[in-house]
Amino acid sequence: MEPAEIIQHSGGAIGAAWLMIALPLVGAAVLLLGGRRTDKFGHLLGVLMAVASFVVAALSFVQLLGFAPGERRRGIELYEFIPGLAKMGLLVDPLSISFCLLITFVGSLIHVYSIGYMAHDPNRRRFFAYLNLFVAAMLLLVLADNYVALFVGWEGVGLASYLLIGFWQHKPSAATAAKKAFIVNRVGDFGLLIGIFTIFATFHTLAFDGVLANADKASSGTLTAIGLLLLVGACGKSAQLPLQSWLLDAMEGPTPVSALIHAATMVTAGVYLIVRSGPIFQGAETAQIVVTIVGVATLLAGAIIGTAKDDIKKALAGSTMSQIGYMVLAAGIGKAGYAFAIAHLITHGFFKADMFLGAGSVMHAMNDEVNMRKYGALRKVMPVTFVTFLIGYLAIIGFPLLSGYFTKDGIIETVMEHNAVLGWLAVLGAGITGFYMSRLVFMTFFGAKRWEPTAHPHESPAVMTWPLIILSIGAIGLGAFLVLGNRFMTFLAPAVGAPEEMPAFHPFSPTGLATLALVAAGAVFAWLKYGRAEVPALAPRGSFLTTFARRDLYGDALNEALFMRPGQWLTRLAVFFDNRGVDGLVNGLAAGIGGTSGRLRRVQTGFVRSYALSIFLGAALLAGAWLVVGNL
Amino acid sequence: MTTHYLVLSALLFAIGGVGVLVRRNAIVVFMCVELMLNACNLAFVTFARQNGNLDGQVIAFFVMIVAAAEVVIGLAIIVTIFRTRRSASVDDVSLLKY
């Protein structure tokens, strides 16, 4: 089934969809420009704007459901920059509205949570301003009806991410992490930008309807080039191999940021880009194969990194990489995978935000300790955090009937039908997920107390636990709601297309059983090593495999050896050339002229008669020369 | 016919030139400059006569006027220098140098 036509629309909640972007943007502007005057109510304004944005999104969703499925792609024209060439407009369709609901709903909850989490931070107002800025930019990214506006949103979320990772910029590690995220993202953005240029050169337009409807008219070589360039962009934003290195360091930001930006929403922008540009990828088989390979490599790499991290947030970051790998893998398959990719994206948004916020709650209780070796036995002192975290954990490992079970299993089944090797690798990834997530839960909530003497853990305030509870409800039921009866696939079909034959849900397919068995084995292994056995306070040295995983699969070492060191050499060479070559030439010339003048000025003795003599000699010389030349 | 005038003019010019170069007293140097100017005037007038037109004579008048103006300013400077330095030697006023 092909995507439906875009229908121009005005009026109603959808006609006012621009409010979704404008409201948080106004919030950010007021909080940033208002300065300290807005300190008192800044956090409330931030929450209000996020919630208002959610209300607009929900009303738009309701209005969208009122149309027949084939008429659910509504284009809203906002402004025409260059008549016939460049228009700014929004596209409200099932795909973008799904993202809007996820971003504004999870975003609002995280705004609320941040009131409690950042309560003692003197810069809480600035934090909310950046959060609002992020929400606005992310909504622009998903609502844009052309690649330029998408790119503006893309850069906007990059900026917000940079500002929020480096929010505690007094910590050198946070400042460095922010810079790293920005620079690595720049590589991806470069790819995306060239991709957009190529799109314009090929299709002479940048609007989605003009590009995607005509994608089959372009040559497959061009489409492959565009697809690969868009993939570079997606890799940067979604922390896929080989541009994954920034995500683990990004955990230096405050935990709500990790939950909102580096788990639930921004890092999924790459998946959005691939799914939105579906027709381009469907015409370029090579690009699709590369997408699936990147996805499967990242899902394994992220999972392996997750197994070795003692920092609770970094373990969760590895898990995020891995789960987005699943989404990219599914998105690379084509129409059969899009619905599962987006469904997993949405359920992942819920359960990962739930777990990140849970980790934040634990850190809040443990004096910002992130080392899981110093946790243990927290289930009794933090019952709400424990139960909600447990739900998120069961959802991510794919415990039957919870969200992750439906969406991740859907991805694995689809991939298995597409290519058995990729399918089994995805199953293996699920097994590793079972191990590292169980390890995380056992080390944090079970076993013996290994707390620092100064730690007095306590349950977090209600403003922090309620978002956890709401998110965990989503983590329980959302997967079943979306996947059963192909509800989400049918809903999404007008926007991204759907396979001719809707997949049937098999509760106990061989692949599903194998996945469950591997996950259970991973969980049991984790119980033996970290639940039942004593967890040493210092990380044991471990085999070279452990070191391999701890060092992020030597990703940073590779980047340093391949790019950073040669870059530094190049810089030094340039500095040397500048100091000695360019400066040397200029300074040498100046010194030469200065020295010569210093000697020449000695001629100016001040004796009038010697001047007269020189004039006389000069005149004699001229006269002599004239005589000689005149006689010739 | 006019050769004698021209030779006299050249002699006067040479005497004036040597005087400017070798004498220290500013007044004498000045007089030598006047001598050179008048040598030129003589040459101009001679050529005017030789060519039978008035061009040289007109220029001689211009030179006289310029010489008169020059004398006014020059003597004023010399007098001022003499008042401050109690000397009319051109070698004493050598402050304006490198």
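All figures in this text were calculated on a predicted structure; none of them were measured in a lab. (Residues numbered from 1 in each chain as written. Chains lettered and ligands numbered in written order. Predicted model: local features only at pLDDT ≥ 70, side-chain atom pairs only at ≥ 80, totals over all residues. Heavy atoms only, no water.)

Attention now goes to the overall build of chain B. Summing up its helical and strand segments, chain B has three helices and zero strands in all. For chain B, the sequential pattern of α-helices and β-strands runs α-α-α. Relative to the 2.2 N^0.38 estimate, which gives 13 Å for 98 residues, the radius of gyration of chain B is 16 Å and therefore markedly larger than a compact globule would have. With the C-alpha coordinates aligned to their principal axes, the bounding extent of chain B is approximately 50 × 25 × 25 Å. (Helix = DSSP H or I, 4+ residues; strand = E, 2+ residues; numbered from the N terminus. Rg over C-alpha atoms; globule rule 2.2 N^0.38 Å.)

In this description, a pair of aromatic rings is defined by centroid distance and the angle of the planes. Residues and elements named next belong to chain A. In the structure shown here, the tally under the stated rule is 20 aromatic pairs over all chains. Their ring planes at 80 degrees and their centres at 4.9 Å tell us that Y79 and F81 sit as a pair that is edge-to-face. Taking the centre distance of 4.8 Å and the plane angle of 85 degrees together, the rings of Y147 and F208 count as edge-to-face. Taken together, the residues Y147 in helix α6 (residues 147–165) and F208 in helix α8 (residues 208–213) connect sequence positions 61 residues apart. (Phe/Tyr/Trp six-rings, centres within 6.5 Å; stacked < 30°, edge-to-face > 60°.)

This paragraph deals with the environment of V291(A). All names here are of chain A. Examined against the element boundaries, V291 turns out to sit in helix α14 (residues 285–308). Through-space distance from the C-alpha of V291 to that of R599 is 72 Å; in sequence the pair is 308 residues apart. Not counting chain neighbours up to four residues away, the residues in contact with V291 comprise L231, I274, F281, V328 and G332. (Contact = heavy atoms within 4.5 Å.)

With that settled, the discussion passes to a nonpolar patch on the surface. Residue and element names in this part refer to chain A. Taken together, the side chains of W18, L78, Y79, F81, I82, L85 and F200 present a nonpolar region at the surface, about 710 Å² in accessible area. Here the nonpolar patch takes four residues from strand β2 (residues 74–82), the largest share from any one element. Following the sequence through the fold, L78 ends up in strand β2. For L78, a relative accessible area of 39% corresponds to the partly exposed category. (Patch = residues over 30% accessible without salt bridge, like charges linked within 9 Å, V, L, I, M, F, W, Y side chains within 5 Å. Areas by Shrake-Rupley, 256 points an atom, 1.4 Å probe, with all protein chains shown as cover. Salt bridge = Lys/Arg side-chain N within 4 Å of Asp/Glu carboxyl O. Buried < 20%, exposed > 50% of the residue type's maximum accessible area, 1.4 Å probe, protein only.)

Turning to helix α2 (residues 18–34) of chain A, a few remarks are in order. Structural remark: α-helix, 3.6 residues per turn; residues separated by three or four positions point the same way. Residues and elements named next belong to chain A. Relative to the 24 Å expected for 17 residues at 1.5 Å per residue, α2 spans 23 Å between its end C-alpha atoms, a close match to the ideal helical length. Buried within α2 are the following residues: M20, I21, P24, G27, A28, L31 and G34. At its buried positions, α2 is contacted by α3 (42–65), β3 (86–92), α4 (94–117) and α5 (124–143). Positive backbone phi, approximately 65 degrees, marks G35, located one or two places after α2. (Expected span 1.5 Å × (residues − 1).)

Quick look at the packing of α5(A) against helix α11 (residues 255–264) of chain A now. Residue and element names in this part refer to chain A. It is at 12 Å that the axes of α5 and α11 come closest, and there the two elements cross at 5 degrees. It follows that α5 is roughly parallel to α11 by the angle criterion. Counting all contacts with α5, which are made through F127, L131 and F134, the residues of α11 involved are P256, V257, L260 and I261. A per-class count over the contact of α5 with α11 returns seven nonpolar, no polar and no charged. (Axes fitted to C-alpha atoms, helices over the stretch in contact; angles between N-to-C directions. Parallel < 35°, antiparallel > 145°, perpendicular 65-115°, else oblique. Nonpolar A, V, L, I, M, F, W, Y, C, P; charged D, E, K, R; others polar.)

This part covers the nonpolar core. Judged by nonpolar contacts, the single largest core of 193 residues is most densely connected at Y147(A), I280(A) and I342(A). Looking at which element gives the most residues to this core, the answer is helix α16 (residues 335–365) of chain A, with 18 residues. Once residues within four sequence positions are removed from consideration, Y147(A) is found in contact with I196(A), I199(A), L206(A), F208(A), V211(A), L212(A), L273(A), S277(A) and I280(A). Within the second largest apolar cluster, six residues are counted, among which are A612(A), V20(B), V28(B) and V29(B). (Core = buried A, V, L, I, M, F, W, Y, C linked by side-chain atoms within 4.5 Å.)

A separate point is the pairing of β2(A). Looking along a regular strand, one sees the side chains alternate between the two faces of the sheet. Residues and elements named next belong to chain A. In this structure, strand β1 (residues 7–8) lies alongside β2, joined through two bridges in parallel fashion. Across the sheet, Q8 pairs through a bridge with G75, a residue of β2. In this sheet, β3 lies alongside β2 in antiparallel orientation, the contact comprising seven bridges. Among the inter-strand pairings, G75 is bridged to a residue of β3, identified as L91. Between β2 and β3, which pair antiparallel in sequence order, lie three residues; one of them, G84, sits at a positive phi of approximately 80 degrees. (Pairing = 2+ DSSP bridges.)

Residue and element names in this part refer to chain A. One pass over the structure, following the stated rule, counts 15 salt bridges over all chains. A salt bridge links D249 to K180; the nearest nitrogen and oxygen atoms lie 3.1 Å apart. A residue pair is termed long-range when its members are at least 10 positions apart, and D249 in helix α10 (residues 245–249) and K180 in helix α7 (residues 172–203) qualify at 69 residues. Measuring nitrogen to oxygen at the nearest pair gives 3.1 Å for the salt bridge that ties K374 to E452. Of this pair, K374 sits in the loop between α16 and α17 (383–397) while E452 sits in the loop between α19 (420–445) and α20 (462–483), placing them 78 residues apart in sequence. What you see here is one network of salt bridges that share partners, running through R73, D93 and R276.

For the rest of this paragraph, the subject is the interface of chain B and chain A. At the interface, 12 residues of chain B touch 11 residues of chain A. Where chain B abuts chain A, roughly 1,000 Å² becomes buried across the two surfaces, and 59% of that area is made up of carbon and sulfur atoms. Counting the surface chain B buries against chain A, the share from its top three residues, L21(B), D91(B) and Y98(B), is 59%. Of the charged contacts, one joins D91(B) and R609(A) as a salt bridge, the two residues approaching to 2.6 Å between their closest N and O atoms. At the junction of chain B and chain A, the tally comes to three residue pairs in polar contact (both at pLDDT 80 or more). Of the residues in the side of chain B that touches chain A, the class split is seven nonpolar, one polar and four charged. (Buried area = accessible area lost by both parts, 1.4 Å probe. Polar contact = N/O pair within 3.5 Å; in protein donor to acceptor, adjacent residues only side chain to side chain.)

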